[in-house]
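So you can see what is in the structure, the chains are spelled out below.
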Amino acid sequence: MAASGRFDISVHFIQLLVCCAWLVTNSQLAQSAPIKITFDGCIPGFANNKTQYCCPPPYKGEIVDFCPKRNMSKPLRVRKALQCLSGHELKVYTEKLDKAYTILRNLPDDDPRSLNQQKRLHCSYGTGGFVQQGTDNITIDIHFSWLFFPWHRYFIYFHERIIQHVLDDPEFSLHFWNWDNGFTVHKPKGARSGCYKRGDLLPPIYNITGMGQYQNRSSRTKLPGLPVDLGIVPEERDNPPTRPAEVVKPRNLATMHASMVTVGNTTRGFMGRIYRYGDYQVLDPLTGAGGLEVMGHASIHWWVGNTMGVVETSAGDPLFYAHHSNIDRLWNNWHKVPGGERVDYSDPDFLEAEFLFYDETATIRRVKVKDALDMEEFGYKFQKANDISWIDYVPTVNSTSNSTINSTDSYKPQVHFPTRWNRD
Ligand SMILES: [Cu+2]
């Protein structure tokens, strides 16, 4: 009896434990799950005080899973720094951009590969156009959180595939606008290749009226020799002041140093906030985004202005893709900056988050964040460029102590970037 009684108690105790474990597991599941996307739940989004109508066209095909896998028999394609293209290579690339964007602009309006529909897809993902499945009204934003880098990597990768397809050129690569690099430096000793020319001017091949890659942009982008301003703050976004080179050059260095080295020395500081199923989108970038997204990335959108300046239309400017090619490069290089904790999130709700994109055949592909983390699996790499100027930047020095910066572009850092953004 006694033994049986103890046994009964043990059984009840185990049942209780199992039950508690089940409750714990299920309550965790309810709170913790990755963001997944379905185009079925698309609704009008909202941004810049306006309702935004940008849902993708109806789709009758099958959704096909996609996982990037490098073809080991082929060398990696190289996405190059636009300012270092020259001669025949520059001419050929300019013509390719012209042809590709002329085709993408002229595709039927409901073709998901058209420039207009690519713009609209970015708009839906970025204005709360998609509702989280199983919730009444919790919308999704792929900005201001840990989704920012992987989502945009996939987005421009599929854009590149669409261009390869329309040009019938599988080697086409989305060369990058190296706006973070304001200083021409000598090639470091031992470096075999790389681009060491300043890249902080609007790439001229995107500024030729009448070409497919041309877009009407703010008047400041037409001022010859005016460098980009990476320190535009949100209050200035609608009408950024045109600051001269001697003001922006040292500030740009400070901004890059902050976002990549100091603010960016933690996963949260660089990649942005944690964002799970059931979480509301944040509308204030200052509480959700990582340093690079809220500083240099946003400033470039506002500095270029017009189409590029607002989320609902930015991906309709071909320059968007050269800008984000650089963001993709900087994410990759962030891991290699010395010091700090420079690893991507490893949380399952990050790794298992899913997106949908159209590929070059207009098929919808389902992708996961975890498959975006190893860039080489996509089959490309970036040309090396000068990151040392902002890595080595020392905010307190009064004159340049960086011997790699040549005299024509020398500077006296005086202004500190206003680091007015909060971590949550
Ligand atoms: Cu975006």
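The coordinates are above.
This structure is a prediction, so every number in the text was calculated from the model and none was measured. (Residues numbered from 1 in each chain as written. Predicted model: local features only at pLDDT ≥ 70, side-chain atom pairs only at ≥ 80, totals over all residues. Heavy atoms only, no water.)

## Here we look at the pattern of salt bridges
Side-chain pairing between opposite charges can occur once the charged atoms of the two side chains come close.
Next up, step 1: Evaluated as defined, the whole model comprises 29 salt bridges.
Next up, step 2: In this structure, Lys 80 and Glu 89 form a salt bridge, with 2.7 Å as the shortest nitrogen-oxygen distance.
Next up, step 3: Given the relative accessible area of 34%, Glu 89 is considered partly exposed.
Next up, step 4: Several salt bridges share partner residues, and in doing so they unite Lys 36, Asp 65, Glu 352, Glu 354, Arg 366, Lys 368 and Lys 370 into one network. (Salt bridge = Lys/Arg side-chain N within 4 Å of Asp/Glu carboxyl O. Buried < 20%, exposed > 50% of the residue type's maximum accessible area, 1.4 Å probe, protein only.)

## Focus: the environment of Ser 314
Next up, step 1: Considering the arrangement of structural elements, one finds Ser 314 in the loop between helix H8 (291-304) and helix H9 (319-334).
Next up, step 2: For Ser 314, a relative accessible area of 2% corresponds to the buried category.
Next up, step 3: In the structure, Ser 314 is positioned 192 residues away from His 122 in sequence and 8.2 Å away in space, judged by C-alpha atoms.
Next up, step 4: If we ignore the near neighbours within four places in the chain, the residues touching Ser 314 are His 122, His 301, Thr 307, Met 308 and Phe 320. (Helix = DSSP H or I, 4+ residues; strand = E, 2+ residues; numbered from the N terminus. Contact = heavy atoms within 4.5 Å.)

## Brief notes about the pairing of strand S5 (residues 354-358)
Within a regular strand, the side chains alternate between the two sheet faces.
Next up, step 1: In terms of burial, S5 is largely enclosed, as five of its five residues are buried.
Next up, step 2: Burial of S5 is two-sided: the residues Glu 354, Leu 356 and Tyr 358 facing one way and the residues Phe 355 and Phe 357 facing the other way are all buried.
Next up, step 3: Linking S5 to strand S6 (residues 364-368), which pair antiparallel, is a turn of five residues; within it Ala 362 sits at a positive phi near 65°. (Pairing = 2+ DSSP bridges.)

## What to know about the coordination of the copper ion
Next up, step 1: Around the copper ion, the protein supplies His 122 (NE2), His 143 (NE2) and His 152 (NE2) as donor atoms, at distances of 2.0 to 2.1 Å.
Next up, step 2: For the copper ion, all donor residues lie on one chain, and their spacing in sequence is H-x20-H-x8-H. Considered together, His 143 and His 152 belong to a single accessibility category, that of buried residues. (Donors = N, O, S within 2.8 Å, 3.2 Å for Na, K, Ca; no water.)

## Points about unusual backbone geometry
Most peptide bonds adopt trans geometry, and most residues besides glycine take a negative phi value.
Next up, step 1: A positive phi angle, close to 50°, is found at Asn 48, a residue other than glycine.
Next up, step 2: With a relative accessible area of 32%, Asn 48 lands in the partly exposed category.
Next up, step 3: The phi angle at Ala 362 is positive, at roughly 65°, despite the residue not being glycine.

Note that all results are geometric; they support no functional claim without further evidence.
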